[in-house]
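The primary structure of each chain is shown beneath.
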Amino acid sequence: MSETNASTRLSVFKTYKLYVGGKFPRSESGRVYEVSDSKGKWLANAPLSSRKDARDAVVAARKAFGGWSGATAYNRGQILYRVAEMLEGRREQFVREVADAEGLSKSKAGAVVDAAIDRWVWYAGWTDKIAQIVGGANPVAGPYFNLSTPEPTGVVTVVAPQESSFLGLVSVIAPVIATGNTAVVIASEKAPLPALSLGEVLATSDLPGGVVNILSGKAAEMGPHLAAHQDVNAIDLAGADAALATELEIAAADNLKRVLRPGAADWSADPGTHRMTAFLETKTVWHPTGSLGASGSAY
């Protein structure tokens, strides 16, 4: 009886949705597009995000920025580590989705997912250390303390890598939020499913809604609007081709956005700190130490 039920059971197809403001809306346009695996087999219909979806994501990211940037670096690290824990628990799902998206064997996809989980842990460890690397006390002549500290730049648009649907995705999202920024992410157009599933993990990992917002669809359609958006402070062009990157960089200049240009990337290599420092601004504070005494000391 159980075998009969199993053989006649209807398939339960997953409905993939956007992740905006901690919720899972469909595109306001009602549009979807077909996502296929590396062999052309249909996998799912993904939301085809519109300009309105992009604007909604920016609103959500800006609303979340104050609380996220104001949280302690240690707390942000705890939350990023929690993301890694949740990914570990759903490892098999992501192995399957990455294998389909990138045409990898199960073992190779497993290695990619493991590397992505490890990368979340790596960035979680950096949240309360990056300030010591790029900040510090400056030597000045006079009775002053002169201190430089890094601060997040604000809302960052991220054009995710097109080919590396998960490890590359994690490698561009994690450094943005580890340093206190909030993100609007345009997922890989041809392989968006790992990114949309990541939204489900973020929603259950203590990350405040709006800190990361994930859109699927055409970067060439959404990118120009986000690059020109006056409430977006920076843009990472990791997944943009040369023509699109040039267009977005020109649009970003209108409100002096920080721009991280695309380049050849080996996402499996040591990421270094440059993606964290790219979206940090330095605040320098002067504070008087008091009058110097006869001994030259001050207090």
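Described below are features of the structure shown in this document. Quick caveat, the model's predicted, so the values are computed rather than measured.

Some points on helix H10 (residues 242-252)
Of the residues making up H10, those classed as buried are Leu244, Ala245, Leu248, Ala251 and Ala252. Taken around the axis of H10, the buried residues stretch over an arc of 130°, which confines them to a single face. The exposed set on the far side of H10, more than 90 degrees from its buried face, consists of Ala242, Ala243 and Ile250.

Details of the sheet that holds strand E3 (residues 136-137)
Strand order in the open sheet formed by three strands is E3-E4-E10, with antiparallel pairing between adjacent strands. The sheet is open, and its two edges are formed by E3 and strand E10 (280-288), each paired on a single side. Here strand E4 (residues 144-152) pairs with E10 via nine bridges, running antiparallel. What sits directly across from Tyr144, in E10, is Pro288.

Quick look at the sheet that holds strand E6 (residues 182-186)
Pairing is parallel in the open sheet, where five strands are placed in the order E7-E6-E5-E8-E9. Strands at the two margins of the open sheet, each flanked by one partner only, are strand E7 (212-215) and strand E9 (258-260). Adjacent strand axes in the sheet meet at a mean angle of 15°, parallel and antiparallel pairs treated alike. Across four bridges, E6 lies against E7 in parallel orientation. Pairing of Val184 across the sheet is with Asn213, part of E7. In the packing of helix H9 (residues 219-228) onto the sheet, contacts are made with strand E5 (155-159), E6, E7 and strand E8 (234-236), and the angle to E6 comes to roughly 150°.

Considerations on unusual backbone geometry
Non-glycine residue Asp206 carries a positive phi angle of around 75°. Looking at the secondary structure, you find Asp206 in the loop between helix H8 (193-203) and E7. Under the relative-accessibility criterion, Asp206 is labelled exposed at 56%. Here Leu256, not a glycine, exhibits a phi torsion of approximately 60°, which is positive. Mapped onto the secondary structure, Leu256 falls in the loop between H10 and E9.

Notes on the packing of helix H3 (residues 73-89) against helix H5 (residues 106-126)
Where H3 contacts H5, the axes come no closer than 8 Å and their chain directions differ by 170°. For the element pair H3 / H5, the angle class is roughly antiparallel. In the packing of H3 onto H5, the handedness of the crossing is left-handed. Across from Gly77, Leu80, Tyr81, Val83, Ala84, Leu87 and Glu88 in H3, the residues of H5 making contact are Ile117, Trp120, Val121, Tyr123 and Ala124.

Focus: the nonpolar core
Core analysis: the biggest nonpolar cluster contains 63 residues, and Trp120 and Ile177 have the highest contact counts within it. Setting aside chain neighbours within four positions, we find Trp120 in contact with Leu80, Val83, Ala84, Leu87, Val170, Ile173, Ala174, Ile177 and Leu202.

Some points on the packing of aromatic side chains
Inspection of every chain in the model, using the stated rule, returns five aromatic pairs. When the centroid spacing of 5.0 Å and the interplanar angle of 85° are considered together, the rings of Trp122 and Tyr123 count as edge-to-face. For Trp122, a relative accessible area of 30% puts it in the partly exposed group. With relative accessibility at 0%, the residue Tyr123 sits in the buried group. Linked through ring pairs, Trp122, Tyr123 and Trp126 together constitute an aromatic cluster. Geometry around Phe65 places Arg62 over its ring, the cationic atom sitting 5.7 Å from the centre.

Notes on the pattern of salt bridges
Going through the model one piece at a time under the given rule, you end up with 16 salt bridges. Across the pair Arg91 and Asp114 runs a salt bridge whose closest N-O atoms are separated by 2.7 Å. With Arg91 in helix H4 (residues 91-102) and Asp114 in helix H5, the pair connects residues that are 23 residues apart, well separated along the chain. The class for Arg91 is partly exposed, based on a relative accessible area of 22%. The class for Asp114 is partly exposed, based on a relative accessible area of 28%. Taking the shortest distance from any N to any O, the salt bridge between Glu92 and Lys106 comes out at 3.9 Å. Of this pair, Glu92 sits in helix H4 while Lys106 sits in helix H5; the two residues are 14 residues apart in sequence, bridging distant segments of the chain. In the salt-bridge network here, residues are joined through shared partners; they are Arg91, Glu92, Lys106 and Asp114.

Cut-offs used in this document
Residues numbered from 1 in each chain as written. Predicted model: local features only at pLDDT ≥ 70, side-chain atom pairs only at ≥ 80, totals over all residues. Heavy atoms only, no water. Buried < 20%, exposed > 50% of the residue type's maximum accessible area, 1.4 Å probe, protein only. Helix = DSSP H or I, 4+ residues; strand = E, 2+ residues; numbered from the N terminus. Arc of directions from axis to C-beta. Pairing = 2+ DSSP bridges. Axes fitted to C-alpha atoms, helices over the stretch in contact; angles between N-to-C directions. Contact = heavy atoms within 4.5 Å. Parallel < 35°, antiparallel > 145°, perpendicular 65-115°, else oblique. Left-handed = near helix turned anticlockwise from the far one by under 90°. Core = buried A, V, L, I, M, F, W, Y, C linked by side-chain atoms within 4.5 Å. Phe/Tyr/Trp six-rings, centres within 6.5 Å; stacked < 30°, edge-to-face > 60°. Lys NZ or Arg CZ within 6 Å of the ring centre and 35° of its normal. Salt bridge = Lys/Arg side-chain N within 4 Å of Asp/Glu carboxyl O.

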